[in-house]
Amino acid sequence: MSRIVKIFDTTLRDGEQSPGCSMNLKEKLEMAKQLERLRIDVIEAGFAIASPGDFESVQLVANEIKNATVASLARSTEKDISTAYEALKGAVNPRIHYFLATSDIHMEYKLRMSPEAVLEKAIAMAKFARNLCGEVEFSAEDASRTRPEFLYQVLEGVINQGVTIVNVPDTVGYTTPGEYFKFIEGIRNNVPNIDKATISVHVHDDLGLGVANSLAAIQAGAGQVECTVNGIGERAGNAALEEIVMALKTRYDVYQVDTNIDTTQIYRSSRLLSKLTGVRVQPNKAIVGENAFAHESGIHQHGMMANKETYEIMTPESIGLKENKMVLGKHSGKHAFVDKLTSLGYTLSDEEVLDLFNQFKVLADKKKVISDKDILALVEQKQLAIPEVYSLDRFVISTGNTISTAATIRLRKNGDLIEGVSLADGPISAGFKAISELVDCELTLIDYGVTAVTDGTDAQGEAQVKISDGTHVYHGRGLSTDIIDASLKAYVDAVNQMLYIKDSQSKEIQEQTSSKP
């Protein structure tokens, strides 16, 4: 039998720390459910002690996810570890993941601790965590720049206290594949009790070597690899999950290892994360970029027509990228629609199905051909919806290249109609300005973009908007066959996200205040 390498996904923790990639509670849960469909082995749900919101998100994911281990990060303190366990205790398979820096530069300048004190602390916290939770992982932060002899000593000590996963990260993305291979080999040969633990790696991509280093570590015997969808994360990001998994699958002849991942869920996972964060994947991104399976060169096209294997080393279908056209229209029945949802992997309530079916009917009146991507877009929009304070009722925009653009916007605010007019240089700017005035907020547009869900002039457009109130950035999404309609809906959604988050924060403060003696 092949060796199985476990995939530890840290999209919801390390990935979310990437600028502009924050998610609200509902979005984190939706991403976690998709990671479960992807058959991730371990989902790191967050850093429980970081804030009440982080604690709540870790707790929610822990309580909802049934088919993966759920982990929370913690520093090497009893309070951090206890808080992590409190958030995780409802999980079917909980894991405490605590860390402590071990490199000389971190011990001297960040921790201000001697190596002896660091060793003592790491061992003491291993014992404390193991008494709370059956599965404990220890990370030696900046392990790749740690003196090997000291690292061996720390790993041996924590394993003796019951730690079963030891993570040796390349925290600053400094190492190289050959160097990392020898590094892992050194651990296997010099830590006497390493057979009682799984070696894990967590590699950053500062030099563009994250995936290569992760694969080298696997070849050297690492049994777990920590990564993120689309490679998001601190600074230049983490090793990309989809690239590691497909490299192992495509070059099984080289690596001789398997994963438990359902690769047909890769594209959907990538797409969902982009939608949640508003961070688009570059077109030439390996595996999930829009150009990953595109061929423009005449020579390449000729080869593809003769035999796809001339220029494709894996199929689009292997990552879940397929275009099965739905032969459904406005006269189609609900049963056919439900069958399509089921084939796409969705199990929804009767109420959700009815609402989506009604949206499908509206779309079918506007589009001749409905694709899987159209249905996915409708489902994602529905599942990510939050309570609406404002909704777009109607808009009228007068524009041209010889007149000032005027936007008349009518919103519903908790059921009541409010209307406003604004002038600006273009239809989008005028519409956004009118909405800002109606909601009475000083808002700055940080980012805006529209992408087509499918090809064709009747394609749905997905608009992404990021706005700031001067303190935080909020992300909104809109979907429509009219790009102005999609854009205005996205701006209104960003406003609702802002109000939703502020309301949640206010409730957290009230709960903390009421719980004090």
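Residues numbered from 1 in each chain as written. Predicted model: local features only at pLDDT ≥ 70, side-chain atom pairs only at ≥ 80, totals over all residues. Heavy atoms only, no water.

(A) Local environment of the pattern of salt bridges. One pass over the full model with this rule turns up 28 salt bridges. Across the pair Asp-374 and Lys-367 runs a salt bridge, and its minimum N-O distance is 2.8 Å. Take Asp-374: its relative accessible area is 0%, and that puts it in the buried class. On the basis of relative accessibility, which here comes to 6%, the residue Lys-367 falls in the buried class. Taking the shortest distance from any N to any O, the salt bridge between Asp-485 and Lys-489 comes out at 3.3 Å. Of the two residues, Asp-485 and Lys-489 are both situated in helix H17 (residues 483-515); the distance of four residues between them amounts to about one turn of the helix. (Salt bridge = Lys/Arg side-chain N within 4 Å of Asp/Glu carboxyl O. Buried < 20%, exposed > 50% of the residue type's maximum accessible area, 1.4 Å probe, protein only. Helix = DSSP H or I, 4+ residues; strand = E, 2+ residues; numbered from the N terminus.)

(B) Main features of the packing of helix H1 (residues 25-37) against helix H2 (residues 52-64). For the pair H1 and H2, the least separation of the axes is 10 Å and the interaxial angle reads 35°. In terms of crossing hand, the pair formed by H1 and H2 is right-handed. The segment H1 lies against H2, with Leu-25, Lys-28, Leu-29, Ala-32 and Lys-33 engaging Asp-54, Glu-56, Ser-57, Leu-60, Val-61 and Glu-64. Residue composition of the contact of H1 with H2, grouped by class: five nonpolar, one polar and five charged. (Axes fitted to C-alpha atoms, helices over the stretch in contact; angles between N-to-C directions. Left-handed = near helix turned anticlockwise from the far one by under 90°. Contact = heavy atoms within 4.5 Å. Nonpolar A, V, L, I, M, F, W, Y, C, P; charged D, E, K, R; others polar.)

(C) Structural context of the UniProt feature "domain: Pyruvate carboxyltransferase" (unreviewed entry) in the chain. As annotated by UniProt and renumbered to match this structure, "domain: Pyruvate carboxyltransferase" (unreviewed entry) occupies residues 5-267. Here residues 5-267 runs as 44% helix and 17% strand, with 21 Å between its end C-alpha atoms. (UniProt positions renumbered as here; feature names shortened; annotations may be inferred.)

(D) Fine view of the UniProt feature "binding site: Mn(2+)" (unreviewed entry) in the chain. Here, the residues flagged by UniProt with the feature "binding site: Mn(2+)" (unreviewed entry) are Asp-14, His-202, His-204 and Asn-238. Sequence-wise these annotated residues cover 225 residues; spatially they are packed, their C-alpha atoms never more than 10.4 Å apart. On the secondary structure map, Asp-14 appears in the loop between strand E2 (6-9) and H1. Once residues within four sequence positions are removed from consideration, Asp-14 is found in contact with His-202, His-204, Gly-233, Glu-234 and Asn-238. Along the chain, the position of Asn-238 falls in the loop between strand E9 (224-227) and helix H9 (241-250).

(E) Geometry of the nonpolar core. Of all hydrophobic cores here, the largest spans 92 residues; its most connected members are Tyr-98, Phe-138, Val-168 and Ile-187. With seven residues, the top contributor of residues to this core is helix H6 (residues 148-160). Leaving out residues up to four positions away in the same chain, Phe-138 has contacts with Tyr-98, Phe-99, Leu-100, Ala-122, Val-154, Leu-155, Val-158, Val-163, Ile-165, Val-166 and Asn-167. Counting 26 residues, the second largest nonpolar core, distinct from the first, contains Ala-424, Phe-432, Val-465 and Val-495. (Core = buried A, V, L, I, M, F, W, Y, C linked by side-chain atoms within 4.5 Å.)

(F) Spatial organisation of the packing of aromatic side chains. Tallying each qualifying case throughout the model produces eight aromatic pairs. Residues Tyr-180 and Phe-183 carry aromatic rings whose centres are separated by 5.6 Å and whose planes lie at 5° to one another, so their mutual orientation is stacked. Here Tyr-180 pairs with Phe-183, and both are found in helix H7 (residues 177-190), just three residues apart, close to one helical turn. The same class applies to Tyr-180 and to Phe-183, which are both buried. (Phe/Tyr/Trp six-rings, centres within 6.5 Å; stacked < 30°, edge-to-face > 60°.)

(G) Representation of the side chain of His-475. With respect to the secondary-structure elements, His-475 resides in strand E16 (residues 473-480). A residue is classified by how much of its surface remains accessible, and His-475, at 10% relative accessible area, is buried. There is a polar contact of 2.7 Å between the side chain of His-475 and the backbone oxygen of Leu-276. Engagement of the side chain of His-475 in a polar contact is seen with the side chain of Gln-464, the distance being 2.3 Å. (Polar contact = N/O pair within 3.5 Å; in protein donor to acceptor, adjacent residues only side chain to side chain.)

(H) Looking closely at the sheet that holds strand E14 (residues 444-452). On the basis of which strands lie adjacent, the open sheet formed by three strands has the order E14-E15-E16 and antiparallel pairing. Across the chains shown, the open sheet's two edge strands, defined by having one partner strand only, are E14 and E16. Sheet twist, expressed as the mean angle between neighbouring strand axes with direction ignored, is 15°. Summarising the sheet, strand E15 (residues 461-468) and E16 pair through eight bridges and their orientation is antiparallel. By the bridge assignment for E16, Ser-468 is matched with Val-473. Along the sheet face, helix H15 (residues 372-383) touches E15 and E16 and points at about 140° away from the line of E16. (Pairing = 2+ DSSP bridges.)

(I) The arrangement of H7 in detail. Taking 1.5 Å of rise per residue, the 14 residues of H7 would be expected to cover 20 Å, and the 20 Å separating its terminal C-alpha atoms lies within 8% of that figure. Those residues of H7 that sit buried are Tyr-180, Phe-183, Ile-184, Gly-186 and Ile-187. One face of H7 carries all of its buried residues, which in axial projection span an arc of 150°. Of the residues in H7, the exposed ones pointing more than 90 degrees away from the buried face are Lys-182 and Asn-189. Along its buried surface, H7 packs onto H6, strand E8 (198-202) and helix H8 (210-220). (Expected span 1.5 Å × (residues − 1). Arc of directions from axis to C-beta.)

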